[in-house]
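Coordinates in review
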Amino acid sequence: MENVLEIKDLEVRYETDDGIVRAVNGVSFSVGKEKTLGLVGETGAGKTTTAMSILNLIPDPPGVIGGGSIMLEGRNVLAMSETELKEMRGNDVAMIFQDPMACLNPRRKVKDIIAQGLIIHHQYKDQADLDEKVYRILEKVGLSREQATRFPSQFSGGQRQRVGIARALIMNPRLVIADECISALDVSIQAQVVNLMKDLQDELGTTYLFIAHDLSMVKYISDRIGIMHLGHIVETGTTDEIFENAIHPY
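Predicted model, so just to flag it, every value in this text is computed and none were measured.

**Focus: the nonpolar core**
- Among the nonpolar cores identified, the biggest contains 45 residues, and Ile 96, Ile 114, Ile 165, Met 197 and Phe 210 are the most heavily contacted of them.
- Discounting chain neighbours no more than four positions away, the residues touching Met 197 are Ile 96, Ile 165, Ala 178, Cys 181, Tyr 208, Phe 210 and Ile 221.
- Counting 29 residues, the second-largest nonpolar core is a separate cluster that includes Ile 70, Met 80, Val 93 and Leu 209.

Below, the structure written as structure tokens:
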């Protein structure tokens, strides 16, 4: 099976007043093309640090990627120039964030928020082409083109997360990192968002790294699962293996 993402022996450490903290310590995993890897662990396990490492966005200082490799379709992210990283972020790898309101500019209309990646990477012919691409992705995530001129405050939490998903997917990225993207939503809305992500994966061939601490949702969306604890991956396996025959006591 072709892997979109391969991480080997990743180490990330932070300098704190109390000394060096190894937030990620020897983490290795891969994500197959058009598959979903669920990354599960408690707060502080190192999940988000791992995600930000994929984009090479660890703040330095106080953090530093101290070792390992991150291969995105055969290209080493950690060896990319700043120009290559800017091209990769949002284009090849996109993120869906935890808080749909905090990551959407309240002063911009939804169509401008969603179109941002297309504008940055110059992937449109003219204004009509740009508008049409925005309208198409809006409809794919269950919103209407009439809603394109509204502001984020005019949407519910679930609708705002759909806007976040549209913004991530409009560039047709190789990999989408969903970092606790449903944890701020009501349980009934969580199911709608996860179902939407699965449908879009089937339609567009998207690959997901789905980060969460809710095991039931991870079980539903994931092909494979990695369990993180205190900076380590303590167990990986298929969804059935993890839920029916877990080996590690954690």
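**Notes on unusual backbone geometry**
- Despite not being glycine, Asp 9 shows a phi value in the positive range, around 55°.
- Mapped onto the elements, Asp 9 comes out in strand S1 (residues 3-16).
- Assessed through its relative accessible area of 48%, Asp 9 is described here as partly exposed.
- At Glu 180, a position not held by glycine, the phi torsion is positive, near 50°.
- You can see Glu 180 is positioned in the loop between strand S7 (175-179) and helix H6 (187-204).

**A look at the packing of helix H3 (residues 110-120) against helix H4 (residues 127-140)**
- Here H3 crosses H4 at 115°, and the two axes come no closer than 10 Å. In terms of axis orientation, H3 runs roughly perpendicular to H4. Relative to H4, H3 is oriented so that their crossing is right-handed. For the pair formed by H3 and H4, the contact residues are Val 110, Lys 111, Ile 114, Ala 115, Leu 118 and Ile 119 on the first element and Leu 130, Lys 133, Val 134, Ile 137 and Leu 138 on the second.

**Regarding H4**
- For H4, built from 14 residues, the straight-helix expectation of 20 Å at 1.5 Å per residue is met to within 8% by its first-to-last C-alpha distance of 20 Å.
- Where H4 is concerned, the buried positions are Asp 129, Leu 130, Val 134, Tyr 135, Ile 137 and Leu 138.
- At the exit of H4 stands Gly 142, carrying a positive phi of roughly 85°.

Reading the values: the criteria
- Residues numbered from 1 in each chain as written.
- Predicted model: local features only at pLDDT ≥ 70, side-chain atom pairs only at ≥ 80, totals over all residues.
- Heavy atoms only, no water.
- Core = buried A, V, L, I, M, F, W, Y, C linked by side-chain atoms within 4.5 Å.
- Buried < 20%, exposed > 50% of the residue type's maximum accessible area, 1.4 Å probe, protein only.
- Contact = heavy atoms within 4.5 Å.
- Helix = DSSP H or I, 4+ residues; strand = E, 2+ residues; numbered from the N terminus.
- Axes fitted to C-alpha atoms, helices over the stretch in contact; angles between N-to-C directions.
- Parallel < 35°, antiparallel > 145°, perpendicular 65-115°, else oblique.
- Left-handed = near helix turned anticlockwise from the far one by under 90°.
- Expected span 1.5 Å × (residues − 1).

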